[in-house]
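Commentary on secondary and tertiary structure
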Amino acid sequence: MALFDKAWAIKTGGAFVLRIEDTDQARLVEGSEQQIYESLRWLGLDADESPEVGGPYAPYKQSERLDTYRPYVDQLIEAGHAYYCWCSGERLAQMRADQQASKQADTGYDRLCLGKTREERAALPGFSETPVVRMLIPEDVDLTFDDLIRGQVRAPMPDDQVILKADGFPTYHLAVVVDDHLMGITTVVRGEEWISSTPKHRLLYRWLGWDEPDYAHMPLLRNPDKSKISKRKNPAARLLWFREQGYLPEALRNFLQLLAYPPAEGDQEVSSFTEFVEQFDWSKISTVGPIFDTKKLDWLNGVYLRALPTDELADRIIEYALASGQLAEITPARTEVIRAATPLIAERLVTLAEAMPKIAFLFADDESLPINPEAVAKLTSDAPQALDAGIEVLGELDDWRTESIQSALKTRLVDEMGLKPKFAFAPERVALTGEQVSPPLFESMEILGKQATLARLRRLRELISAGGQSQ
RNA sequence: GUCCCCAUCGUCUAGCGGCCUAGGACUCCGCCCUUUCAAGGCGGCAGCGCCGGUUCGAAUCCGGUUGGGGAUACCA
């Protein structure tokens, strides 16, 4: 949502305002506000005005604006558009249960309190000391409105919605209208689930004599089981989860864009935020709730990873390794190795999280490098000779660069000994990295250095003799 | 239950009456490249939910039906 808000704000020269709608005391969650700021910052979608940075209409947190709402409530009551209601929660629950049971068509509030004084109402059952204030929805409410994304939309008939709660807090419905008007909001972008509330909001605008904003109701993201996305069913509902998994914010941004918006000219799926803003158009947004499937994100992340300049990618790998605990601390020596190794793994990465494990062998001790027994078991009977030859030819090599290493080994193992490259280099790979699969071999040797390379080749050679090669 | 929204490959989508024997991307499967794994190149599998209408002609328009989602709170 913020993505589209921001795009629209930039495109029209407006401001992207972040307001915290914390009118439900019972649902306050520790740290969630901070998480919102953090997520937006990470994605590069910082708000122009927010509780954090302030702005001309501060405060931007509804719990700090309680005094703002009260006068409008009184105004509505005086005008006869709203009324007090003393019905207890139990009575309302009972009323709803009865309505359900009798399969009535309309299920709204039964207006028991309408037109009654406190004393009159107190004489009836289900009375609560602290009243709420409800809107008096007229028979002829306008149920249709124009939506930027969907065109003309029809919404359900609302019931007498509570606008001021017993604890003195406004409900979302009142607060959003008052704040949007006071803060000069011109475009309301929100989830599809708000379509049914829109007639109430429009009524409030009219009663208060204010100009209405435009509405854009976005489709709802869904879990793979098609239900509305939830943090319980889907860890990905928490944006920072992606940072923890090693995704790039620019890739996630691109992915989110694709989720509800068609690719740009020429089916260009990879597009920058700038390009997105340039051709942004509400009517192009899809009306279907997309399923949040991260397969495409994996691909996109790889695309963005590969597009990064080597040093920047190395920096991001280090940053991630530090934040995730893959690396306890960074030293100049480590930085150097990581930078040297980054080009080798750049096109092999899906996420930043995979980088360190792929180059862990570069940081291991020659004597304690873990060697995967399965990798050893798959070596052929040529392995001992290949290792011996490798040790010999590399031992004589002074020019320790990738090209010389490669040509020395190739000349001896492939050209002279007649081994197939596939089998010729497998033993050195296992010796060097402990695995069958690894970053490019000769480049790794160069980074590791002559001494370490030879030590590792010898170590595997001994291991094979000691273990007794079966084939 | 009632009301509202939505409906093209497994997924994200293009399509807005003929250009569609439905295009692209991801995934998956082959082949090529190749010291492993990737990346890259080439190719393949796979879809207009269903039934009626409108029309010379429907993925595109209309109605119904089915399916999915949402709302129905002193939650947002």
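This write-up is about the structure you can find in this document. Each chain has its residues counted from 1, running along the sequence as written. Here every chain gets a letter starting at A, and every ligand a number starting at 1, in the order they are written. For this predicted model, a pLDDT threshold of at least 70 governs which residues receive local features, and a threshold of 80 or more governs which side-chain atom pairs are given and counted, while totals over whole chains, interfaces and linings are taken from all residues. No hydrogens and no water enter the side-chain calculation; it runs on all heavy atoms of the structure.

1. Examining the pattern of salt bridges
- Salt bridge, as used here, is a side-chain nitrogen of Lys or Arg placed within 4 Å of a carboxyl oxygen of Asp or Glu. Scanning all chains against the criterion turns up 32 salt bridges.
- Across the pair arginine 19 and aspartate 179 runs a salt bridge whose closest N-O atoms are separated by 3.8 Å. Of this pair, arginine 19 sits in the loop between helix H1 (2-11) and helix H2 (32-43) while aspartate 179 sits in helix H6 (residues 172-182), and the two are 160 residues apart along the sequence. Here arginine 19 and aspartate 179 have matching classes, each one buried.
- Each of Arg19, Glu21, Arg65, Asp179 and Asp180 takes part in salt bridges that share partners, so that together they form one network. Helix numbering and strand numbering both begin at the N terminus, where a helix is a DSSP run of H or I of at least 4 residues and a strand a DSSP run of E of at least 2. Between buried and exposed lies partly exposed: a residue is buried under 20% and exposed over 50% of the maximum accessible area for its type, with that area taken using a 1.4 Å probe on protein chains only.

2. Some details on the protein's contact with RNA strand B
- In the vicinity of RNA strand B, 59 residues are found, and the nearest of them are Thr23, Leu259, Glu347, Arg348 and Arg429.
- By convention in this text, a residue qualifies as near a molecule or strand provided that one of its non-hydrogen atoms is within 4 Å of it. The share of sugar and phosphate among atoms of RNA strand B within 4 Å of the protein is 72%.
- One nitrogen or oxygen atom from the side chain of arginine 306 is found 3.3 Å from a sugar or linking oxygen belonging to RNA strand B.
- The term polar contact refers here to a pair of N or O atoms within 3.5 Å; inside protein, the definition further demands a hydrogen-donor-capable atom paired with an acceptor-capable atom, and it admits residues adjacent in sequence only when both atoms are side-chain atoms. The backbone of glutamine 436 places a nitrogen or oxygen atom 3.4 Å from a sugar or linking oxygen of RNA strand B.
- Elements with a minimum of two residues in the surface near RNA strand B: helix H4 (89-101), strand E2 (127-135), strand E4 (151-154), helix H9 (249-260), helix H11 (295-307), helix H18 (421-433) and helix H19 (441-448).

3. Describing the packing of helix H16 (residues 383-395) against helix H17 (residues 402-416)
- Note on geometry: axes are lines fitted to C-alpha atoms, helical ones only across the stretch in contact, with angles between N-to-C directions running from 0 to 180 degrees. Closest axis-to-axis distance for the H16/H17 pair is 10 Å, and the angle between their directions is 135 degrees. By the angle class used here, H16 and H17 are oblique. The two elements H16 and H17 meet at a crossing, and its hand is right-handed. Facing H16, whose interface residues are Ala386, Ala389, Gly390, Glu392, Val393 and Leu394, H17 presents Ile405, Ala408, Leu409, Arg412 and Leu413.
- When residues are grouped by polarity, Ala, Val, Leu, Ile, Met, Phe, Trp, Tyr, Cys and Pro land in nonpolar, Asp, Glu, Lys and Arg in charged, and all others, Gly among them, in polar. Residue composition of the contact of H16 with H17, by class: 8 nonpolar, 1 polar and 2 charged. Angles below 35 degrees are treated as roughly parallel, those above 145 as roughly antiparallel, those between 65 and 115 as roughly perpendicular, and all remaining angles as oblique. Two helices crossing with the near one rotated counterclockwise from the far one by less than a right angle form a left-handed crossing, whereas a clockwise rotation gives a right-handed crossing. Every residue pair with non-hydrogen atoms within 4.5 Å of one another is taken to be in contact.

4. A few points about helix H7 (residues 198-208)
- For H7, a buried count of 10 out of 11 residues is recorded, marking the element as mostly surrounded by other parts of the structure.
- All of the buried residues in H7 are Thr198, Pro199, Lys200, His201, Arg202, Leu203, Leu204, Tyr205, Trp207 and Leu208.
- Those residues of H7 that are buried are in contact with helix H3 (66-78), E2, strand E3 (144-147), H6, strand E6 (187-191) and strand E7 (214-218).
- Just past H7, the residue glycine 209 takes up positive phi, approximately 75 degrees.

5. Brief notes about the state of the cysteines
- In what follows, a disulfide is any cysteine sulfur pair within 2.5 Å. Scanning all chains against the criterion turns up 0 disulfides.
- Looking at the unpaired cysteine 85, the closest cysteine sulfur is the one in cysteine 113, lying at 3.7 Å.
- For the unlinked cysteine cysteine 87, the closest cysteine sulfur is that of cysteine 113, found at 3.5 Å.
- By relative accessible area, cysteine 87 is classed as buried at 9%.

6. A few points about the environment of valine 188
- With respect to the element layout, valine 188 can be found in strand E6.
- Between the alpha carbons of valine 188 and proline 370 there is a distance of 57 Å; along the sequence they are 182 residues apart.
- Excluding anything up to four places from it in sequence, valine 188 contacts Asp180, Pro213, Asp214, Tyr215 and Ala216.

7. Here's the deal with the packing of aromatic side chains
- The rule is short: rings of Phe, Tyr and Trp, with Trp giving its six-membered ring, pair when the centres are within 6.5 Å, and they are stacked under 30 degrees, edge-to-face over 60, tilted in between. Under the definition given, this model contains 20 aromatic pairs.
- Each ring, one from phenylalanine 242 and one from phenylalanine 292, has its centre 6.0 Å from the other, and the planes form 55 degrees; the classification is tilted. Of this pair, phenylalanine 242 sits in helix H8 (residues 240-244) while phenylalanine 292 sits in the loop between helix H10 (273-278) and H11; the two residues are 50 residues apart in sequence, bridging distant segments of the chain. We note that phenylalanine 242, like phenylalanine 292, is buried.
- A network of ring pairs unites the aromatic residues Phe4, Trp8, Tyr261, Phe273, Phe276, Phe280 and Trp282 as a single cluster.
- Whether a charge sits over a ring depends on NZ of Lys or CZ of Arg being within 6 Å of the ring centre and within 35 degrees of the ring normal. The ring of tyrosine 109 carries the charged tip of arginine 134 above its face, separated from the ring centre by 3.8 Å.

8. Some thoughts on the side chain of serine 438
- Considering the arrangement of structural elements, one finds serine 438 in the loop between H18 and H19.
- Side-chain polar atoms of serine 438 contact the side chain of arginine 429, separated by 2.7 Å.
- Other than its neighbours up to four places away in sequence, serine 438 contacts Arg429 and Thr433.

9. Points about the nonpolar core
- Judged by nonpolar contacts, the single largest core of 96 residues is most densely connected at Phe4 and Leu394.
- If near-sequence neighbours (up to four positions away) are discounted, phenylalanine 4 is found in contact with Met218, Gln257, Ala260, Tyr261, Phe276, Phe280, Trp282 and Ile285. Each nonpolar core is a collection of buried residues, namely Ala, Val, Leu, Ile, Met, Phe, Trp, Tyr and Cys, held together in the definition by side-chain atoms within 4.5 Å.

10. Side note on the sheet that holds E2
- Spatially, E1-E2-E5 is the arrangement adopted by the 3 strands of the open sheet, whose pairing is antiparallel. Pairing within the sheet leaves two strands with one partner each, and these edge strands are strand E1 (82-87) and strand E5 (162-164). Strand after strand, the sheet turns through a mean of 50 degrees between neighbouring axes, direction not considered.
- Pairing of E1 with E2 involves 5 bridges; the strand directions are antiparallel. Along E2, the bridge assignment pairs alanine 82 with methionine 135. Being paired, for any two strands, means DSSP has found at least two bridges between them.

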